[in-house]
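# What the coordinates show
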Amino acid sequence: MFSQEELKKRVGTYAADYVEQGMTIGLGTGSTVYWLIQELSQRVQQGLQIQIVPTSRQTQTLANEAGITIVDLNDTNGLMLTIDGADEVDNELNLIKGGGGALLQEKIVAAASKELIIIADGSKCVKKLGAFPLPIEVIPFGWKQVQQKIIGLGCAEVVLRERNGQTFVSDHGHYILDCHFNVIEKPLSLNTSLHDIPGVVETGLFINMADIVIVGTEDGKIELKHA
Ligand code: 5RP
């Protein structure tokens, strides 16, 4: 049996093989991507030349420390590849993301990429999305109105995210509502309904976006799931 941290390290390290000389890639956020950054850092020291578009300030800082060149998304012609983590992955490779609060920039970067590869330990794989509270990024003005409308869509509980006793503010100055749907039967139509609410900036539902999911299973094996 491998610990969750060991599995994160395995998939993070494994995913580095998808990054080729000269590529400009999107780099996700979180504790699984942390291990990818460590591996890429070593390969850069050994001569790998890449540029990355970070999906958060956290990743930007880590990439800087790792000696990896950072580029603005506006200075690219789109990306060949983005590698990111996820909070939940279903059998159709639909995702819940945003546990780290970076979902908006993550979705913009993923949408700019030809290919999205997700790295995850096996605990993230589910039959149906929703046990993990769905993060929704909202404009601070009038957020309680948005909260009520999300409850109206059948959400059991909508919690304003806090960190260290303060309201969490995203890299782009928004709040995050963690939405306890418990089970999401129709992710695509829920995503559309959520986007119809004025004040919603982005949702953590990544529908039909992932191309490959690299899963680290409990027994230490790597499983590849293709869309
Ligand atoms: C951040 C994310 C992360 O990719 C997601 O939360 C998974 O993180 P971790 O690898 O730490 O479990 O969506 O917004």
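Residues numbered from 1 in each chain as written. Predicted model: local features only at pLDDT ≥ 70, side-chain atom pairs only at ≥ 80, totals over all residues. Heavy atoms only, no water.

## Remarks on the sheet that holds strand β12 (residues 175–180)
Read across the open sheet, the four strands follow the order β9-β12-β8-β13; overall the sheet is antiparallel. If you trace the sheet from one side to the other, it starts and ends with β9 (157–160) and β13 (200–203), each paired once. Between one strand axis and the next, the sheet turns by 30° as a mean value, whatever way the strands run. Across three bridges, the pairing between strand β8 (residues 134–138) and β13 is antiparallel. Following the sheet pairing, E137 is matched in β13 by E202. (Pairing = 2+ DSSP bridges. Helix = DSSP H or I, 4+ residues; strand = E, 2+ residues; numbered from the N terminus. Axes fitted to C-alpha atoms, helices over the stretch in contact; angles between N-to-C directions.)

## Some details on the site of the ligand
Taken together, 17 residues sit near the ligand, with S31, T32, D87, G98 and K124 positioned nearest. K97 is positioned such that a nitrogen or oxygen atom in its side chain is 2.9 Å from an oxygen atom of the ligand. The backbone of G98 places a nitrogen or oxygen atom 2.8 Å from an oxygen atom of the ligand. Protein chains shield 92% of the accessible area of the ligand, which is 380 Å² for the free molecule. Tallied by class, residues from the shell around the ligand come to two nonpolar, nine polar and six charged. (Near = heavy atom within 4 Å. Polar contact = N/O pair within 3.5 Å; in protein donor to acceptor, adjacent residues only side chain to side chain. Areas by Shrake-Rupley, 256 points an atom, 1.4 Å probe, with all protein chains shown as cover. Nonpolar A, V, L, I, M, F, W, Y, C, P; charged D, E, K, R; others polar.)

## Considering the sheet that holds strand β6 (residues 95–96)
Taken in spatial order, the three strands make up an open sheet running β5-β6-β14, and their pairing is antiparallel. Because the sheet does not close on itself, it has two edges, and the strands there are β5 (88–89) and β14 (205–206). Examined bridge by bridge, β5 and β6 share two bridges and lie antiparallel to one another. From the neighbouring strand, V89 faces β6, where its bridge partner is L95.

## Some words on the domain arrangement of the chain
With domains assigned, the chain is organised as domain 1 (4–124 + 208–222) and domain 2 (134–202). The C-alpha centroid of domain 2 is placed 24 Å from the C-alpha centroid of domain 1. Each partner contributes residues to the interface: domain 1 has 13 residues there, and domain 2 has 17 residues. The shortest N-O distance in the salt bridge between E202 and K107 comes to 2.9 Å. Our enumeration of links across domain 1 and domain 2 arrives at five residue pairs in polar contact (both at pLDDT 80 or more). Of all the elements, helix α4 (residues 103–111) adds the most residues to the side of domain 1 that touches domain 2, at four residues. The residue makeup of the side of domain 1 that touches domain 2, split by class, is three nonpolar, seven polar and three charged. (Domains from an automatic or database assignment. Contact = heavy atoms within 4.5 Å. Salt bridge = Lys/Arg side-chain N within 4 Å of Asp/Glu carboxyl O.)

## Topic: the packing of aromatic side chains
Taken as a whole and judged by the stated rule, the model has two aromatic pairs. Each ring, one from Y14 and one from Y18, has its centre 6.4 Å from the other, and the planes form 55°; the classification is tilted. For Y14, a relative accessible area of 31% gives the class partly exposed. By relative accessible area, which is 22% here, Y18 ends up partly exposed. (Phe/Tyr/Trp six-rings, centres within 6.5 Å; stacked < 30°, edge-to-face > 60°. Buried < 20%, exposed > 50% of the residue type's maximum accessible area, 1.4 Å probe, protein only.)

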